[in-house]
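Commentary on secondary and tertiary structure
Listed below are the residues making up each chain.
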Amino acid sequence: MTDHNWMVVEEGFDPERVAHFETVFTQGNGFLGTRGSFEEYYPGKHNSTFAHGVFDDVPIFFKELANLPDWTELFVDLDGETFSLVSGELLGYRRCLSLRDGLLVRELRWKSPQGKISSLVFSRFISRANERLCLQKVEITPENYAGKLLVRAGLDGGASNLDLKHWDWLNQRQQAKTFTLELKTKGSGIKLEMSQILCCSDKNAAHSYWNTFNHPTQAIEKVLKEHEKFTVWKAVEIKVAPFEQESPAGKPINLDEVQWDAQLAAHRKLWQEDWQRSDIIIEGDDETQLAMRASIYHLLIAGPRHSERVNIGAKTLSGQGYRGHTFWDTEIFMLPFFTYTNPQIARNLLSYRYHNLPGALEKASKNGFEGAQYPWESAADGREVTPVWVPYHKDPSQMVRIWCGDVEIHISSDIAYAVLQYWKATGDERFMVDRGAEIVLQTARFWASRLEWNSQTQQYEINNVIGPDENHDRIDNNAYTNYMVRWHLRTAVGIFAWLKTQHPAEFKSLAERLSLSDEQVAEWADKAEKIFLAFDEKTGLIEQFDGYFNLKTLDMRDFAGRTDSIQSILGVEEAAQTQTLKQPDVLMLMYLHPELFDPEIQKINFDYYTPRTDLEYGSSLGPSIQAIMAARLGEMQNAYENFVRAAQADLKDVRGNARDGIHGASAGGLWQAAVFGFAGLKIGEQAWSIDPKLPQGWKRLAFKFWYHGKEESIDIRAEGKR
Ligand code: BGC
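Notes on the structure in this doc start here.

So, how was this worked out
Residues numbered from 1 in each chain as written. Predicted model: local features only at pLDDT ≥ 70, side-chain atom pairs only at ≥ 80, totals over all residues. Heavy atoms only, no water. Core = buried A, V, L, I, M, F, W, Y, C linked by side-chain atoms within 4.5 Å. Buried < 20%, exposed > 50% of the residue type's maximum accessible area, 1.4 Å probe, protein only. Helix = DSSP H or I, 4+ residues; strand = E, 2+ residues; numbered from the N terminus. Contact = heavy atoms within 4.5 Å. 1 Å grid on protein atoms, 1.4 Å probe; cavity = no way out; pocket = protein on both sides within 12 Å on 5 of 7 lines; lining within 4 Å. Points joined across faces, edges and corners; volume = space filled by probe spheres on them. Nonpolar A, V, L, I, M, F, W, Y, C, P; charged D, E, K, R; others polar. Arc of directions from axis to C-beta.

With that settled, the discussion passes to the nonpolar core. In terms of nonpolar packing, the biggest core is built from 148 residues, with Ile-280, Trp-328 and Leu-701 touching the most fellow members. Among the elements that make up this core, the one with the highest residue count is helix H10 (residues 479-502) (12 residues). Residues in contact with Trp-328, not counting those within four places in the same chain, are Phe-333, Trp-376, His-410, Ile-411, Asp-414, Pro-468, Tyr-480, Gln-583, Met-588 and Leu-621. In this structure, Leu-78, Phe-83, Leu-108 and Ala-205 belong to the second largest nonpolar core, which totals 26 residues.

Take a look at the structure:
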């Protein structure tokens, strides 16, 4: 394995791509995530550090992850001139993120306005070995001068999200060589303690401490000779009160004793273990190999290892997009990666939904329904946090109504589906008994009360919803939703019976606690069979929702060369009058439930819906699912084209919005496309199988996965040998 397949590289500095690279170079450890922003000032930089679960109040979006003080802040004054990319001249610039261990290194040669040339190497990592610890280093060499060097680094309590400040100052103190800043979020009252130490390679260098209010700063000063290399490094400990107890890896740290080399070694060891479990090897396609690893890397740094009270936002911890909110992106797109490579993280993620059942019960009841209705967007406590009105991105003086929080209700079945998939893959019966069953039953109960009886057709309908394709909102009988609900109700009936026979004691207490009776569940079984399911016997087509076939068909070729989504080009109202999909909907259903549709039916629907789907600029969730369906049906060119689209979502910024954060669902979908699409992995109750179909040029596809507590290995060669 050559290292270029492990390195994301920025060669030369391009001011236009600052925000994009900030996202791509995000580092993290499953608790913290820090964007790859520069240490020093740069206009418009969007530095952020988010910690899972640290939400605070915000207008319009209800809750958002609060941006922590920037632990990477570091200014270098070189003989009286402050290093910055805004002034002087760059003689060399290279930045590299090593996916092997999450080490970010920026190497530069900089000529100051007064002509002094220095070499600077910044390195940093967020420790995998101790979740609270972040380390940073700068190596400085004056190349054509001698003079005084001053390095300043502080913790700025005035950190904000865009323009909103979330932190109130509580206290700050200095003890020996470290100082600590204590803050509290304004609305949610979460306490944060950040401590810092600044060290250097020369014991005789002068240290100073500036106890500036809300921005305590340390500095190191030394007179350097020409060509004398000097290293300054910094360690920061971040403690978040509610999560302190949960993290066995987050032991208290004595910052005085922290050593860069020892910490890096411990950190690397854990990364090595992570990659042993989760790498996907692709031979014969280097660009895709790198993108695959970058996706896995971003999932690994986002997955909560030690808390079951938090979840992954649609943009992971890498940006302010969607404010850190969790969507179905977790269960349907990202979760399988964890289920198959790190089941404990998958369990944590599903447990978050279990702990947040009260929010879902509350939502159902507020809407006049029974059981649990999960929020479309979820933050700390599982209450609905989807914005209702947002400023229109093309003209912020106009407001756009967002209906997803009201009617994008398929998420409750998506979560139940994920619970079942997790169980099937891991065999984790304890989880199912203690938590999974309750999620499935309470959400089934919601559906039973949500179904609407149509006395004319003598069927149940589900009206006024949004399916996965959000180009069409407030539609009736979305096929994805209706089929999922039938599956869900049938499954719940099965789980109820299974619990009763296999775990009678737990069954009894659960049924009592939830007041669930045999009659009620029998009613679910009856309702499931009477749900309206679209299917045209003559054509084999499934109509995406009532009236979809009557909408105008667009010829996507008329929009050749576009750089925006069809919805954005036509406007929300007009796009809704066309058949253009933002992302697969009927095909999404067929991906999740292949057992319900013969391959010929899948192919008929694939051929129909593919040209109608905005795979280029619609949702980033689309291409990976399209790739899997295409691979399944042997449409290898379409499969590869869409796989590449998903692979490039962030590295190449194909949608132009990577600045807002990593597309976590696309990353998870890419993993699924390789594993379930190209390798054709199928999981049964008792066994698994593969049905490989490699894209042209791929020589090898290899990975490991966990099945029922045992690690399995797949190694597919182009010749077809395993
Ligand atoms: C997609 C949703 C997705 C959300 C968050 C939307 O654009 O249509 O399916 O859940 O983004 O990623």
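So that's the structure; there's more coming.
Time to look at the layout of surface pockets. Quantified by volume, the second largest pocket comes out at close to 1000 Å³. What lines the second largest pocket is a set of 42 residues, among which Tyr-417, Gln-421, Lys-424, Leu-592 and Ile-683 lie closest to the centre. Residue assignment for the lining of the second largest pocket shows that the elements contributing at least two residues are helix H4 (328-341), helix H8 (411-426), H10, helix H15 (586-592), helix H16 (599-609), helix H17 (622-632), helix H19 (664-678) and strand S27 (682-683). Taken together, the residues that form the lining of the second largest pocket break down as 21 nonpolar, 12 polar and nine charged.

Owing to its 3.6 residues per turn, the α-helix aligns residues three or four sequence positions apart on the same side. Listing the buried residues of helix H6 (residues 357-366) in full gives Leu-357, Gly-359, Ala-360, Lys-363 and Ala-364. Looking straight down H6, one finds its buried side chains confined to an arc of 160°; they lie on one side. Across H6 from its buried face, at more than 90 degrees, point the exposed residues Pro-358, Ser-365 and Lys-366. Elements in contact with the buried residues of H6: helix H5 (343-355), helix H7 (404-407) and helix H9 (429-450). Two residues or fewer past H6, Gly-368 is found with a positive phi of approximately 85°.

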